[in-house]
Amino acid sequence: MAERHFKVELQGDHLERLANARPIQAVAELVWNAVDADATSVDVEVDSSDLGMQAIIVRDNGHGIPLAEVPDLFGRLGGSWKARGNRSKTKSRMLHGKEGKGRFKALALGRVTDWAVVCEENGKRSRYTISLIRDNLIDVRVSDPTPARGSTTGVEARVSELHRDFRSLEGDSAVQELSEIFALYLSDYPDVTISFQGTKLDPSAAIASREVMSLDPVEEDDQLYPVELVLIEWRATTDRVVYLCSEDGFPLRRKQPRFHTPGFQFSAYLKSRYVSKLHESGVLDLAEMNPALQGVYEAAQDRIKEYFREREAAAARSAIEQWKEDQVYPYLEEPQTSVEEAERKVFDIVALNVNRHLPEFSEADRRTKAFQLRMLRQAIERGPEDLQLILKEVLDLPERKQRELAKLLEEASLANVISASRLVADRLKFLSGLEVLLFDPDLKKHLKERSQLHRILADNNTWVFGEEFSLTVDDQSLTEVLRKHRRLFGDEIVIDKPVTKVDGSKGIVDLMLSRAVPRNHADEREHLVVELKRPSIKVGSNEITQIKEYAYAVAADERFRHLDTRWSFWVISNDLDAFAQRETRQKDKPRGQVTQTDDGQIEVWVKTWSEVLEEAKSRMRFVQDHLKANIDQESSLRYLRQTYDKYLSGVAEVDTSEPLAEGEEVKNANDTDAQTASYGSANSRSTSSK
């Protein structure tokens, strides 16, 4: 059979670029050519043998390619008959391609592409073949026509000598992606049938939902280009994709979004004449460098994320309402404060993720589900570590899902809100309960100084005296005070004789707290020595003399010198006698200060518990006001009784018939990861005292 040859009027390197495409994209271009030729049936087949893929065939029943038009269609890019109109020849469909570039993409699949054409001209049907070889892209071969009486018009495009086996053309994934590409077209033209390996593309069956949204138009050169976003949610698992489309919905470029919509699979179609303009200008592949298009793309991303947030919220409301109806939801009342609201949000996030990712959970019986939801609530209230344990050991959530959930909570920042809120609420309860123990006429008579009051404060509650201090000495001698003092500076000296008071006796320090002073030098320190007195004892001359002796012992012992350290000595009780009141109101001294050395490094203070508690409360008052925490005397004392039962035996017995209020935990007021949170200035020497 004789052949005709003609040359493509374009440089070979440009054709080489056109002949590169993803496998699915290359197949899709052949399908687009078919439907642009008014085909109502398009079949895609992958011819395989034991040796692998042999050929890819796209067969249609369109009007074919008239022989006289072949030189224009294949010889000159931009010379396609499609460029002379927006509609197909016989069925007046919107056209996908107009420049004739798509046919070259077939060579991304294999070395040779043959188009077997049957067309009708002047009432007669003829058959001929067009061939392209990747090795010589500018040479187009066309066979002489032969009669094709009784044959159906159309084109069979066969790509052979494949470059490799294309895994993306195997299985259901190819059907899904082709469905995504042709979803809008098949919706607009229901008379068209496209099949892949015998499976009909049926986007309507695979679509879970479809939404159309208008976006702000693009303005360029005083011209407005309307923009429409079509968002399709798929039932099947697939890649999330955004297609940049012509105004008619033909995908021209595929973009992978950089955001996540957990649990939702979608394709988004960004339609605009502006996209077509960029495509026709050959710059659509540089979309990221076009500010106008990038702005539209970002706006589309925001709308997509907002849509799926609303979808997720609706699904969440449905699940939560079902839990409430089944009486397995662990909260009986609506949140009353911002803290409870934050806590509830964290619970809902965690529980819904568990419900989504663990079929065993969603299918569990009512009793099991109620128990597991209750455990989740308690884990969230206790803190991140307990929550991690529940997710891993009890619910057996996959490690990948644990990481996803941890990242979600980290981004939400709600877990930190709860931890910090719990810390403040527990501290407020502690202060309120301590105030009752110290000032209640019946309770304070029984409160012991060393075995009870002292132990409560030493048990991680030294924050009462200042947020930045940490406990270094607890109920030990001045000799141990010296040892700890030197150790803080890395000075491991041998203490060959004990530290004594002026009269030669040993002094036992209730509490010594230390901090690094945030000034110019990192080696500066400040120590706070606290002498506690039981509430029933008024501070008088004896108590003031005792605390002064501690200060004088430090001042007189040369081993405490040569280090840049400030010492504050406090004696604390409920009340002062007449002598102490005069001592704390000396001329040219801050109220409460009774002694200060000439160099200002050592000072002695007399304080009342009301002053100490008020200073501690003031540090958290701002946070308390915003938390709107409901801290009453009864719940505070109950919290203190149950948390510090081992210390308060005989003072405030725990009533086991009086349980904690819903949501309360028996734990230390400082036992949380949120200790590092700042709750205001915490100068231990208190500006209010000065």
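Please read all numbers here as calculations on a predicted model, not as lab measurements.

Quick look at the overall build of the protein
Then step 1. Looking only at helices and strands, the protein features 19 helices and 23 strands.
Then step 2. In the protein, buried positions account for 51% of the 690 residues.
Then step 3. For the protein, the share of sequence-separated contacts (at least 6 apart) that also reach a separation of at least 24 residues comes to 71%.
Then step 4. Of the roughly 33,500 Å² that the protein leaves accessible, carbon and sulfur atoms contribute 45%.

Observations concerning the pattern of salt bridges
Then step 1. Under the counting rule described, the total for this entry stands at 25 salt bridges.
Then step 2. Across the salt bridge formed by Arg-59 and Glu-156, the nearest N and O atoms sit 2.9 Å from each other. Here Arg-59 is found in strand E3 (residues 52-60), whereas its partner Glu-156 is found in strand E8 (residues 154-162), with 97 residues between them in sequence.
Then step 3. We classify Arg-59 as partly exposed; its relative accessible area is 29%.

Digging into helix H6 (residues 273-280)
Then step 1. Considered for burial, the residues of H6 that qualify are Tyr-274, Val-275, Ser-276 and Leu-278.
Then step 2. Against strand E11 (207-220), strand E12 (223-234), strand E13 (241-245), strand E14 (251-255), strand E15 (265-272) and helix H7 (291-325) lie the buried residues of H6.
Then step 3. You can read the cap of H6 off the contacts: a side-chain oxygen lies 3.0 Å from the backbone nitrogen of Tyr-274, and it is on Ser-272.
Then step 4. Gly-282 lies just past H6 and shows a positive phi near 75°.

Quick word on the sheet that holds E12
Then step 1. Read from one edge to the other, the open sheet built from 5 strands follows the order E11-E12-E15-E13-E14, with strand pairing classed as mixed. Looking at which strands have only one partner, the edges of the open sheet turn out to be E11 and E14. Going from strand to strand, the sheet's axes swing by 20° on average, the running direction of each strand aside.
Then step 2. Bridge analysis of E12 against E15 gives 8 bridges, and the strand direction is antiparallel. Along E15, the bridge assignment pairs Val-227 with Ser-272.

Describing the pairing of strand E20 (residues 565-573)
Then step 1. When you tally the buried positions in E20, you get 9 out of 9 residues, the bulk of the element.
Then step 2. Residues Thr-565, Trp-567, Phe-569, Val-571 and Ser-573 line one face of E20 and the alternating positions Arg-566, Ser-568, Trp-570 and Ile-572 line the opposite face, and both faces are buried.
Then step 3. Here 8 bridges tie strand E18 (residues 525-532) to E20, and the two strands are oriented parallel to one another. Each bridged residue has a counterpart across the sheet, and for Arg-525 the counterpart in E20 is Thr-565.
Then step 4. Pairing geometry for E20 and strand E23 (residues 602-608), over 7 bridges, is parallel.

Structural notes on helix H4 (residues 172-188)
Then step 1. An ideal rise of 1.5 Å per residue puts 24 Å on 17 residues; H4 measures up with 24 Å between its terminal C-alpha atoms.
Then step 2. At Phe-182, H4 shows its largest kink, close to 60°.
Then step 3. Buried residues dominate H4, accounting for 13 of its 17 residues.

Focus: the confidence of the model for the protein
Then step 1. On average, residues of the protein score 76 in pLDDT, and 69% of them reach the 70 mark or higher.
Then step 2. Within the protein, the lowest mean pLDDT, 51, falls on helix H15 (residues 478-488), and the highest, 96, falls on strand E9 (residues 193-196).
Then step 3. Ignoring residues within four places in sequence, the model shows residues 78-84, a span with pLDDT below 50, making 23 contacts including any to other chains.
Then step 4. Between residues 493-502, whose pLDDT stays under 50, and residues either more than four places distant or in other chains, the model counts 24 contacts.

Comments concerning a nonpolar patch on the surface
Then step 1. A cluster of nonpolar residues, Val-283, Leu-286 and Met-289, forms a patch on the protein surface that exposes about 300 Å² of accessible area.
Then step 2. Along the chain, Met-289 falls in the loop between H6 and H7.
Then step 3. On the basis of relative accessible area, Met-289 is assigned to the exposed category, the value being 68%.

A closer look at empty space enclosed by the protein
Then step 1. In total, this model carries 1 cavity of 30 Å³ or more according to the counting rule given.
Then step 2. Reported here for the largest cavity is a volume of approximately 30 Å³.
Then step 3. Every residue lining the largest cavity is listed: Val-218, Val-227, Leu-270, Ser-272, Tyr-274, Val-275, Leu-293 and Val-296.
Then step 4. Mapped onto the lining of the largest cavity, the elements with two or more residues apiece are E15, H6 and H7.

Side note on the environment of Ser-41
Then step 1. Position of Ser-41 among the secondary structure elements: in strand E2 (residues 41-49).
Then step 2. Here the alpha-carbon distance between Ser-41 and Arg-59, two residues 18 residues apart in the chain, equals 8.2 Å.
Then step 3. Not counting the four nearest positions on each side in its chain, Ser-41 is found in contact with Arg-59, Asp-60, Asn-61 and Thr-193.

Describing the packing of aromatic side chains
Then step 1. Across all of its chains, the model carries 18 aromatic pairs by this definition.
Then step 2. An angle of 70° between the planes, with centres 5.7 Å apart, marks the rings of Tyr-329 and Phe-347 as edge-to-face. Of the two residues, Tyr-329 sits in the loop between H7 and helix H8 (338-357) while Phe-347 sits in helix H8, which places them 18 residues apart along the sequence.
Then step 3. Taking the relative accessible area as the measure of exposure, Tyr-329 reaches 7% and is therefore buried.
Then step 4. Taking relative accessible area as the criterion, Phe-347 reaches 0% and is therefore assigned buried.
Then step 5. Connected via pairs of aromatic rings, a cluster forms that spans Trp-32, Phe-182, Tyr-185, Tyr-189 and Phe-250.
Then step 6. One residue, Arg-344, lies across the ring of Tyr-331, its end atom 4.0 Å from the ring centre.
Then step 7. One cation-aromatic arrangement involves Lys-607 over Trp-570; the distance from NZ or CZ to the ring centre is 4.8 Å.

Some words on the side chain of Ser-160
Then step 1. Turning to its location among the elements, Ser-160 is positioned in strand E8.
Then step 2. Look past the residues within four positions of Ser-160 in its chain and what remains in contact with it is Gln-54, Ala-55, Gly-110, Arg-111 and Val-112.

Observations concerning unusual backbone geometry
Then step 1. The phi dihedral of Asp-38 is positive, around 65°, even though this residue is not glycine.
Then step 2. Here Asp-38 shows up in the loop between helix H2 (23-36) and E2.
Then step 3. The phi dihedral of Gln-197 is positive, around 55°, even though this residue is not glycine.

Each value, and the rule that gives it
- Residues numbered from 1 in each chain as written.
- Predicted model: local features only at pLDDT ≥ 70, side-chain atom pairs only at ≥ 80, totals over all residues.
- Heavy atoms only, no water.
- Helix = DSSP H or I, 4+ residues; strand = E, 2+ residues; numbered from the N terminus.
- Buried < 20%, exposed > 50% of the residue type's maximum accessible area, 1.4 Å probe, protein only.
- Contact = heavy atoms within 4.5 Å.
- Areas by Shrake-Rupley, 256 points an atom, 1.4 Å probe, with all protein chains shown as cover.
- Salt bridge = Lys/Arg side-chain N within 4 Å of Asp/Glu carboxyl O.
- Polar contact = N/O pair within 3.5 Å; in protein donor to acceptor, adjacent residues only side chain to side chain.
- Pairing = 2+ DSSP bridges.
- Axes fitted to C-alpha atoms, helices over the stretch in contact; angles between N-to-C directions.
- Expected span 1.5 Å × (residues − 1).
- Bend = angle between axes of the 7 residues up to and from the residue.
- pLDDT = per-residue confidence, 0-100.
- Patch = residues over 30% accessible without salt bridge, like charges linked within 9 Å, V, L, I, M, F, W, Y side chains within 5 Å.
- 1 Å grid on protein atoms, 1.4 Å probe; cavity = no way out; pocket = protein on both sides within 12 Å on 5 of 7 lines; lining within 4 Å.
- Points joined across faces, edges and corners; volume = space filled by probe spheres on them.
- Phe/Tyr/Trp six-rings, centres within 6.5 Å; stacked < 30°, edge-to-face > 60°.
- Lys NZ or Arg CZ within 6 Å of the ring centre and 35° of its normal.

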